Amino acid sequence: MEFSAKQIASFIQGEIIGDENATVHTFAKIEEGIPGAISFLSNPKYTSYIYDTQASIVLVNKDFEPEQEIKATLIKVDNAYESLAKLLSLYEQSKPKKTGIHPLAYVDEQAKVGSDVYIGPFAYIGAGTVIGDQTQIYPHSYIGDHAKVGDGCVIYSGVNVYHDCRIGDRCVLHSGVVIGADGFGFAPTPEGYDKIPQIGIVVLEDDVEIGANTCIDRATMGATTIHKGVKLDNLIQIAHNVEIGANTVMASQVGIAGSAKVGEWCMFGGQVGIAGHIHIGNKVNLGAQSGVPGNIKDGSQLIGTPTMELKSYFKAAAVYRKLPDMYLEMNALRKEIEELKRQINK
């Protein structure tokens, strides 16, 4: 499927510099551009590639001014990266979607399945389960009894949604996701650990995306809740009764312990660890590998274990690198002081 520069510029409200009839049918990174591809330039570090790229069309920010001739047609926009995201979404939506229930899928007679749904081979849909319109469930996925999946969701192969859990509209669950496994609840006894039944559920609100092999545990009682617009990367662990506020994003290997509350519009780097029963405010940014033992107020930007403010952390890191030299200097000063004392005592 081909699109012209004129059509693309109209869709993203851009200004064309070059041939408005130039056409593209694929996407490419600017350093790997080929004829018929559209690329983008948003990071100044890649500016040199724009003069040699073979891409037919390149999206650039409005403030970009070339220093030499460029073969490609340019489309100037307010934000090249955001415009590319819009085009990729349009491209994805234009792909034909699978529909129909494969004969090798199991759908319980008490389940309710909406219109234009795809259910792949060896998928399992339990008793009393509700599947919304235009949802796609790929092979070998399991949707347990009385679970509910909303409209327009994509559930890739090997996903497990346990009984009674709730998935909102337009959610995406990548391969290996587990929604609603038991929370880690055990009571110590003289003989060992007695399991505490986990009778709650997991609720994912609308427009949530969960990366591959991420696990979200069901609540002991009540619900583990992931609010609207949350995006979770691969290999994340969300424990029982956690609540994550709307539009928060987390990178790979974040771990959140039970009953922690995370606010809206937060950003967590990879391998952040959150202790249980604490409250993280809104718009909190946590750097990679931060360890959080206590509450954090709104708008904080922290890093380290335990966390500290960014400026303090980087100052401390600069001193830390100098510790070996400082140690040698301190020993030299100690020897000088001892020598001075010896001379004075004479």
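If you're wondering where the values come from, they're calculated on a predicted model, not measured in any experiment.

A. Region of the structure containing the pairing of strand E5 (residues 37–41). The element E5 is largely enclosed, with a buried count of four among its five residues. The sheet contact formed by strand E4 (residues 26–27) and E5 spans two bridges and is parallel. By the bridge assignment, Phe27 is partnered in E5 with Ile38. Where E5 and strand E6 (residues 57–61) come together, four bridges link them in parallel fashion. Paired with Phe40 across the two strands is Leu59, which belongs to E6.

B. Structural view of the pairing of strand E27 (residues 223–226). Bridge analysis of strand E24 (residues 201–204) against E27 gives four bridges, and the strand direction is parallel. Residue pairing in the sheet places Ile201 in a bridge with Ala223 of E27. Bridge count between E27 and strand E30 (residues 243–244): two bridges; the pairing is parallel. Residue pairing for E30: Thr225 is matched across the bridge by Glu243.

C. Quick peek at the side chain of Thr214. Position of Thr214 relative to the elements: it lies in the loop between strand E25 (209–210) and strand E26 (215–217). Here the side chain of Thr214 touches Asp233 through a polar contact of 2.7 Å, landing on its backbone oxygen. A distance of 3.2 Å separates a polar atom in the side chain of Thr214 from the backbone nitrogen of Leu235. Setting aside its immediate chain neighbours within four residues, Thr214 contacts Gly176, Val177, Val178, Asp233, Asn234, Leu235 and Ile236.

D. The arrangement of the sheet that holds E5 in detail. Taken together, five strands build an open sheet; the order of strands is E2-E7-E6-E5-E4 and the sheet is mixed. This sheet does not close on itself; its edge strands, each paired only once, are strand E2 (15–17) and E4. Together, E2, E5, E6 and strand E7 (73–77) form the strand contacts of helix H1 (residues 5–12), whose direction differs from that of E7 by roughly 5°. Across the sheet, helix H2 (residues 80–94) touches E4, E5, E6 and E7, and the angle it forms with E6 is around 140°.

E. Main features of the pattern of salt bridges. The tally for this structure, following the rule as stated, stands at nine salt bridges. The closest approach of N and O atoms between Arg170 and Asp207, which form a salt bridge, is 2.8 Å. You can see Arg170 sitting in the loop between strand E19 (166–167) and strand E20 (172–173) and its partner Asp207 sitting in the loop between E24 and E25, a full 37 residues away along the chain. With relative accessibility at 43%, the residue Arg170 sits in the partly exposed group. Across the pair Arg342 and Glu339 runs a salt bridge whose closest N-O atoms are separated by 2.5 Å. Residue Arg342 and its partner Glu339 are both found in helix H4 (residues 323–345); the two are separated by three residues, about one turn of the helix. For Arg342, a relative accessible area of 41% puts it in the partly exposed group. Given the relative accessible area of 31%, Glu339 is considered partly exposed. A network of salt bridges, in which partner residues are shared, links Lys29, Glu31 and Glu32.

F. Geometry of unusual backbone geometry. The linkage connecting Thr305 with the following residue, Pro306, adopts the cis geometry, with an omega of -10°. Relative to the elements of secondary structure, Pro306 occurs in the loop between strand E39 (301–303) and strand E40 (308–309). We note that Gln134 has phi near 60°; this positive angle belongs to a residue other than glycine. One can find Gln134 in the loop between strand E13 (130–131) and strand E14 (136–137). On the basis of relative accessibility, which here comes to 48%, the residue Gln134 falls in the partly exposed class. The backbone of Asp164 shows a phi angle near 70°, a positive value even though the residue is not glycine. Relative to the elements of secondary structure, Asp164 occurs in the loop between strand E18 (160–161) and E19.

G. Summary view of a nonpolar patch on the surface. Together, Val319, Tyr320, Leu323 and Met326 make up an exposed nonpolar region whose accessible area comes to about 400 Å². For the nonpolar patch, the secondary structure elements donating two or more residues are helix H3 (310–321) and H4. Within the secondary structure, Tyr320 sits in helix H3.

H. Structural context of the side chain of Ser4. Tracing the chain through its elements places Ser4 in strand E1 (residues 3–4). Overall, the relative accessible area of 13% leaves Ser4 in the buried class. Residues contacting Ser4, with those up to four places away along its chain left out, are Glu20, Ala22 and Thr23.

I. Quick peek at the packing of aromatic side chains. Summed over the entire model, instances satisfying the criterion amount to nine aromatic pairs. Aromatic side chains Phe40 and Tyr81 sit 5.8 Å apart centroid to centroid with 50° between the ring planes, which places their arrangement in the tilted category. Of the two residues, Phe40 is situated in strand E5 and Tyr81 in helix H2; the sequence distance between them amounts to 41 residues. Residue class for Phe40 comes out partly exposed when judged on its relative accessible area of 22%. Ring geometry for Tyr118 versus Tyr138: centroids 5.5 Å apart, planes at 70°, classification edge-to-face.

Rules and cut-offs
Residues numbered from 1 in each chain as written. Predicted model: local features only at pLDDT ≥ 70, side-chain atom pairs only at ≥ 80, totals over all residues. Heavy atoms only, no water. Buried < 20%, exposed > 50% of the residue type's maximum accessible area, 1.4 Å probe, protein only. Helix = DSSP H or I, 4+ residues; strand = E, 2+ residues; numbered from the N terminus. Pairing = 2+ DSSP bridges. Polar contact = N/O pair within 3.5 Å; in protein donor to acceptor, adjacent residues only side chain to side chain. Contact = heavy atoms within 4.5 Å. Axes fitted to C-alpha atoms, helices over the stretch in contact; angles between N-to-C directions. Salt bridge = Lys/Arg side-chain N within 4 Å of Asp/Glu carboxyl O. Patch = residues over 30% accessible without salt bridge, like charges linked within 9 Å, V, L, I, M, F, W, Y side chains within 5 Å. Areas by Shrake-Rupley, 256 points an atom, 1.4 Å probe, with all protein chains shown as cover. Phe/Tyr/Trp six-rings, centres within 6.5 Å; stacked < 30°, edge-to-face > 60°.

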